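Each chain, written out:
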Amino acid sequence: MGKFIIEGPIRLNGEVEISGAKNSALPIMAASILSSGDVSLKNVPDLGDVRTMIDILNSAGFKVSFENNILSIKKADKLNSNVPYELVSKMRASFNVLGPLTVVNGEATVALPGGCSIGVRPVDFHIEGLKKLGFEVEQQHGFVTARKPKKLSGDVNIYLKYPSVGTTEHLMTTATLMKGCRVTLNNVALEPEIIDLQNFLNSMGAKIIGAGTSTIIIEGVEKLSGTDYSIIPDRIEAGTFIIAILASEGTGKVKNVIPSHLDALFEKLREIGTKFDILEPLREVHIPRNNLRELSGTDIDIEPYPGFPTDLQPQMMAFLSLVNGKSVIVENVFKSRFLHVDELKRMGARIDIKGNTAIIDGGVKYTSAPVQATDIRASAALLIAAICADGVSIINNIEHIFRGYENVIEKFKKLGAKIEYIKE
Ligand code: UD1
């Protein structure tokens, strides 16, 4: 694993253009399996997880090309619907190809994703949902095999115990080609990426309504055509840069942002006392110089959208440690997503964890230290802390960051960060 060597403190300054959303691109790529035509996707971020999904599509028999953020997916005559452990273990989102491959091929086998550093992440909701859609699902030797029933018909009503993003996307996609069925999904996730997936599927001829509300209705169709579709901007990447600029007392313009996707972040930033301007029609957020000493702590509940996103929790925690006063973060999505805490403490943060609650005693000044990155967003949080820290910090195992952020070194360097990447 490689490392970042970062020299701080630096006040970030300049402009950054946000890439397409990783969490839209992945389920949309999985849903492309359903198309009978060629799919062209624009604004696809070139990052590790997208490369993993390309490998999965290639191994299934698709011909995928990827250049200048445009991804073309062409179907081969014969599909292989077995997805090996090596690909699924790299990224949980790969599990979402199970339903689409089963619908197209009649049967598919996908490895169970297994453990994940941000906590236990089972796929029981996915499996239960597929069964309710009428599929036979079997789990054996670490693999899940699904079979399409001979006859699919009638109305299916599914209530999700929890508004899981991946389950909503998986079931909505799978139901699309269930001609003769009308599937109603209740208590679904409300994330903007679900709306993006609905728009993508409908652009191929699917009949789906309701994404963005808690009920989605899918009328199964027989066939989906090809399409040319553009992915929405990545709200988590945008939030990461906004937080990084604020934490470093920098100034800057964050471009290609859909501001309404970040309402929960903006509300908390206003509560803390930060100044920033949202230029809705330009899709930009402008950040003037803020003084950390004038800001004060806050309480944040991490919840499914439209609540404060878990994927910005580590970055926000890195920021709140710099802000005067006490802050409390309650993590309700991944209840043990706190692996970044001990690493932030190595850099001087004062954080206590009690169950799923982090109590942050703010007002610290980060000092440089060697630290370990454990996942995509933890890496981003440590990067923010290192940019603000006095001295040279080393972030080991930094490769996680390349799974989720496109051109991350170039983008931060353009803002003035001093980062050297050492590949090992
Ligand atoms: C997606 C995002 C991820 C984000 C998360 C929550 C993608 C590719 N990933 O992940 O970046 O952090 O939403 O916003 O879009 N759960 C179960 N059983 C299941 C499924 C989920 O218990 O079968 C639990 C999880 O352990 C977790 C909670 O439900 O505690 C939320 O997970 P979910 O919304 O499914 O997240 P993902 O789709 O995996």
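Enquirer: Before we move on, can you summarise the overall build of the protein with the specific residues and values?
Expert: Helix and strand counts for the protein stand at 14 helices and 24 strands. Compactness check: the protein gives a C-alpha radius of gyration of 22 Å against a globular reference of 22 Å for 424 residues, within 12% of the reference. Over its C-alpha atoms, taken along the principal directions, the protein stretches across nearly 65 × 45 × 40 Å. Relative to all contacts within the protein whose residues are 6 or more apart in sequence, the contacts with residues 24 or more apart total 73%. Split by element, the accessible area of the protein, about 16,600 Å² in all, is 49% carbon and sulfur. In the protein, 47 positive and 49 negative side-chain charges are present, and the distance between their average locations comes to 2 Å.

Enquirer: So, the side chain of Glu343: which residues are in play, and what are the values?
Expert: Structurally, Glu343 is set in helix H11 (residues 339-346). No salt bridge is formed by the buried Glu343. Its closest oppositely charged neighbour is Arg346, at 4.2 Å. Aside from chain neighbours lying at most four places away, what touches Glu343 is Val371, Gln372 and Leu382.

Enquirer: Can you break down the domain arrangement of the protein residue by residue, with the values?
Expert: We note that the domain assignment places domain 1 (3-18 + 233-422) and domain 2 (22-227) within the protein. On a C-alpha basis, the centres of domain 1 and domain 2 stand 31 Å from each other. Contact with domain 1, which involves 24 residues of that partner, is made by 22 residues of domain 2. Around 1,700 Å² of area is buried between domain 1 and domain 2 when both sides are counted, 48% of it from carbon and sulfur atoms. Considering only the side of domain 1, the residues that lose the most area to domain 2 are Tyr305, Arg403 and Glu406, jointly responsible for 34% of the buried surface there. Of the charged contacts, one joins Arg403 and Asp49 as a salt bridge, the two residues approaching to 2.6 Å between their closest N and O atoms. The interface formed by domain 1 and domain 2 contains seven residue pairs in polar contact (both at pLDDT 80 or more). Counting residues per element, the ones that place at least two in the side of domain 1 that touches domain 2 are helix H12 (376-388) and helix H13 (400-404). Considering each element in turn, the side of domain 1 that touches domain 2 owes the most residues, three residues, to H13. The residue inventory of the side of domain 1 that touches domain 2, partitioned by class, reads ten nonpolar, six polar and eight charged.

About the thresholds
- Residues numbered from 1 in each chain as written.
- Predicted model: local features only at pLDDT ≥ 70, side-chain atom pairs only at ≥ 80, totals over all residues.
- Heavy atoms only, no water.
- Helix = DSSP H or I, 4+ residues; strand = E, 2+ residues; numbered from the N terminus.
- Rg over C-alpha atoms; globule rule 2.2 N^0.38 Å.
- Contact = heavy atoms within 4.5 Å.
- Areas by Shrake-Rupley, 256 points an atom, 1.4 Å probe, with all protein chains shown as cover.
- Lys, Arg positive; Asp, Glu negative; His and termini not counted.
- Charge placed at Lys NZ, Arg CZ, Asp CG, Glu CD.
- Buried < 20%, exposed > 50% of the residue type's maximum accessible area, 1.4 Å probe, protein only.
- Salt bridge = Lys/Arg side-chain N within 4 Å of Asp/Glu carboxyl O.
- Domains from an automatic or database assignment.
- Buried area = accessible area lost by both parts, 1.4 Å probe.
- Polar contact = N/O pair within 3.5 Å; in protein donor to acceptor, adjacent residues only side chain to side chain.
- Nonpolar A, V, L, I, M, F, W, Y, C, P; charged D, E, K, R; others polar.

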